[in-house]
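# Geometric and topological summary
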Amino acid sequence: MKKIIFMAALVSMLASSCIDGFKSNPSSDRERDSLRNIIDQKDNEINDLMGTFNEIQQGFDLINEAEGRVNMMRMGAENNNSAENIRENMQFIQETLDENKRKIEELQSKLKTSSINSSKLKEAINSLTQQLNEKNAELETLRAQLAEKEVKIEELTGTVSNLQTENAQVKQQRDETERIARNQDAQLNTAWYVFGTSKELKAEGILSKGEVLQGNYNKSYFTQIDIRKVNVIPLESKSATLLTNHPAGSYTLLKDNKGEYTLRITDASKFWSVSKYLVVKVR
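This structure is a prediction, so every number in the text was calculated from the model and none was measured. (Residues numbered from 1 in each chain as written. Predicted model: local features only at pLDDT ≥ 70, side-chain atom pairs only at ≥ 80, totals over all residues. Heavy atoms only, no water.)

### A short note on the sheet that holds strand S6 (residues 240-242)
Short version of the rule: A pair of strands is considered paired only if DSSP assigns at least 2 bridges between the two. Secondary structure follows DSSP: runs of H or I at least 4 residues long count as helices, runs of E at least 2 residues long count as strands, and numbering of each begins at the N terminus. Between N-to-C directions, angles span 0 to 180 degrees; the directions come from axes that are lines fitted to C-alpha atoms, helices contributing only their stretch in contact.
In spatial order, the strands read S4-S1-S9-S6; together these 4 strands make up an open sheet with mixed pairing. Unpaired on one side and paired on the other, strand S4 (223-226) and S6 mark the two borders of the sheet. Going across the sheet, the axis of each strand differs from the next one's by a mean of 30°, ignoring polarity. As paired strands, strand S1 (residues 190-196) and S4 are joined by 4 bridges and run antiparallel to one another. Looking at S4, one finds that Trp-192 is bridged to Gln-224.

Right under this line is the structure:
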C-alpha cells in the first residue's frame with residue numbers, strides 16, 4: 001500500500017512537470033534547453049528519492065520475514081540452537097530498524113533541500129515513520145513474549161560475542177588487518193569543502209586574483225565529509241559558483257523555496273575524481 005502511495009506521488013509530480021512544459025511553449029532553442037534541464041533535474045531528484053524509499057520498504061519486508069522466523073522458533077526456544085537463532089534474528093531486526101530510521105531521516109533531508117514540493121510525498125514519508133514506530137512497538141512486545149519463555153535476549157552493544165574459541169594471536173592479526181583496511185577506506189572516501197565570499201576566501205589564503213591557489217590548504221577552515229554519505233550541501237546563498245574543477249554531469253545546483261542554492265552531487269565518484277577539495281564562491 002505504501003509503495004502505491006509513493007508511486008502516486010511520483011506520477012503526480014511527473015505529470016505536473018509535463019504540463020508546465022506544454023504551457024511554456026518555448027520560442028527558442030535556449031528556452032527549450034532550459035526547460036529540458038529543469039525536467040532532467042527533477043527526474044534525478046525523483047530517482048534519488050525513489051531509490052531510498054524502496055530501500056526502506058525492502059528493510060521492512062526483511063523485518064517481517066525475521067519476525068516470522070522468531071515466532072516459529074519460539075516453541076523450541078529451550079533448544080540451544082533455537083535460542084541462538086532467535087538472538088541472531090532479534091539482533092537483525094533491531095539493526096534493520098536502526099538503518100531504516102537513518103534512511104527515513106535521510107529521505108526527509110533530501111526532500112527538504114529538493115526543488116520538488118509534493119504533499120503526497122510528505123504523506124508517504126510520514127507513513128514510513130508510522131510504520132517504523134509500529135515495528136519498534138512490535139519488537140518490544142516480542143522481547144516481552146520471549147522473556148516469559150526465559151529466552152535471554154541480549155541487549156545490542158554493536159557486536160555479538162564470538163562463540164568459537166579463537167587463537168589470541170590470530171585474532172590480533174585479523175583485527176590489525178581490519179583496522180588498516182578501515183583507515184585506508186576512510187582516506188579514500190574523505191573530502192573537504194568550503195564556501196564563502198571572495199573576501200573570506202582571500203583572507204584564508206584560498207583565493208587569489210579570482211583563482212583558487214594550489215598547494216596545502218588550511219584544512220581547519222574546510223568541512224570534512226565522507227563522500228559516500230554526503231551528496232547534498234546547502235550553500236545558503238542566492239549566488240553560487242564552483243571554483244574548483246569538478247566534471248560536468250556529476251552535480252547540479254538547485255534553488256530551494258527561499259531562492260538559495262543547494263549543491264547536489266549526483267555521481268560522487270566522478271565529482272571527486274579530479275580533486276578532493278571543493279571551493280564555492282557565494283555572496
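So much for the structure itself; the text now carries on.
### Brief notes about helix H4 (residues 119-148)
As a reminder of what qualifies: By this rule the span expected of a helix is its residue count minus one, scaled by 1.5 Å. Burial status follows relative accessibility: with a 1.4 Å probe on protein chains alone, a residue under 20% of its type maximum counts as buried, one over 50% as exposed, and anything between as partly exposed.
Over its 30 residues, H4 extends 44 Å from the first C-alpha to the last, a length consistent with the 44 Å expected when each residue adds 1.5 Å. Among all positions in H4, only Leu-121, Ala-124, Ile-125, Ser-127, Leu-128, Gln-131, Leu-132, Lys-135, Leu-139, Leu-142, Arg-143 and Leu-146 are buried.

### Focus: the pattern of salt bridges
Test applied: Here, a salt bridge means any Lys or Arg side-chain nitrogen found within 4 Å of an Asp or Glu carboxyl oxygen.
Per the counting criterion, the structure on display carries 8 salt bridges. Two residues, Lys-135 and Glu-67, come together in a salt bridge whose shortest N-O distance is 3.2 Å. Of the two residues, Lys-135 sits in helix H4 while Glu-67 sits in helix H2 (residues 29-73), which places them 68 residues apart along the sequence. Overall, the relative accessible area of 8% leaves Lys-135 in the buried class. The partner of Glu-140 in a salt bridge is Arg-143, and the shortest N-O contact between them spans 2.8 Å. With Glu-140 and Arg-143 both in helix H4 and 3 residues apart, this pair spans about one turn of that helix. Owing to a relative accessible area of 18%, Arg-143 belongs among the buried residues under this scheme.

### Focus on the sheet that holds strand S5 (residues 232-234)
Taking strand neighbours across the sheet as the criterion, the 3 strands line up as S5-S8-S7 in an open arrangement whose pairing is antiparallel. The open sheet is flanked by S5 and strand S7 (251-255), the only strands paired with a single partner. Neighbour-to-neighbour, the strand axes of this sheet turn through a mean angle of 20°, independent of strand direction. As paired elements, S5 and strand S8 (residues 261-265) share 3 bridges and run antiparallel to each other.

### Structural notes on the confidence of the model for the protein chain
Spelled out, the test is: How sure the predictor is of each residue is captured by pLDDT, a score from 0 to 100. In what follows, residue pairs with any heavy atoms lying within 4.5 Å of each other are defined as contacts.
Considering every residue of the protein chain, the mean pLDDT works out to 78; 71% of them sit at 70 or more. Below pLDDT 50 for its whole length, residues 14-24 participates in 5 contacts with residues either more than four positions away or in separate chains. This model gives residues 153-160 a pLDDT under 50, and the stretch forms 9 contacts once residues within four places in sequence are excluded.

### Regarding the nonpolar core
Note the following rule: Among the buried residues, those of types Ala, Val, Leu, Ile, Met, Phe, Trp, Tyr and Cys that are joined through side-chain atoms within 4.5 Å form a nonpolar core.
Counting residues in hydrophobic clusters, the biggest one holds 23 residues, and the most contacted among them are Met-90, Ile-93, Leu-107 and Leu-128. When residues of this core are traced back to their parent elements, those giving at least two are H2, helix H3 (80-113) and H4. Excluding its chain neighbours within four sequence positions, the residues that come into contact with Ile-93 are Ile-63, Ala-66, Glu-67 and Leu-139. Tyr-193, Ile-265, Trp-272 and Val-280 belong to the second largest nonpolar core, which has 16 residues in total.

### A word on the packing of aromatic side chains
To be explicit about the condition: Note on aromatic pairs: the rings of Phe, Tyr and Trp (six-membered ring only in Trp) are paired at centre separations within 6.5 Å, and the planes decide the class, stacked below 30 degrees, edge-to-face beyond 60, tilted for the rest.
This model, assessed by the stated rule, comprises 5 aromatic pairs. When the ring of Trp-192 is compared with that of Tyr-277, the centres are 5.1 Å apart and the planes differ by 15°; the resulting orientation is stacked. With Trp-192 in strand S1 and Tyr-277 in strand S9 (residues 277-282), this residue pair connects regions lying 85 residues apart in the sequence. Of the two residues, Trp-192 and Tyr-277, both sit in the buried class. With a centroid separation of 6.5 Å and 5° between ring planes, the pair formed by Tyr-193 and Phe-195 is classed as stacked. Classification of Tyr-193 by relative accessible area gives buried; the value is 15%.

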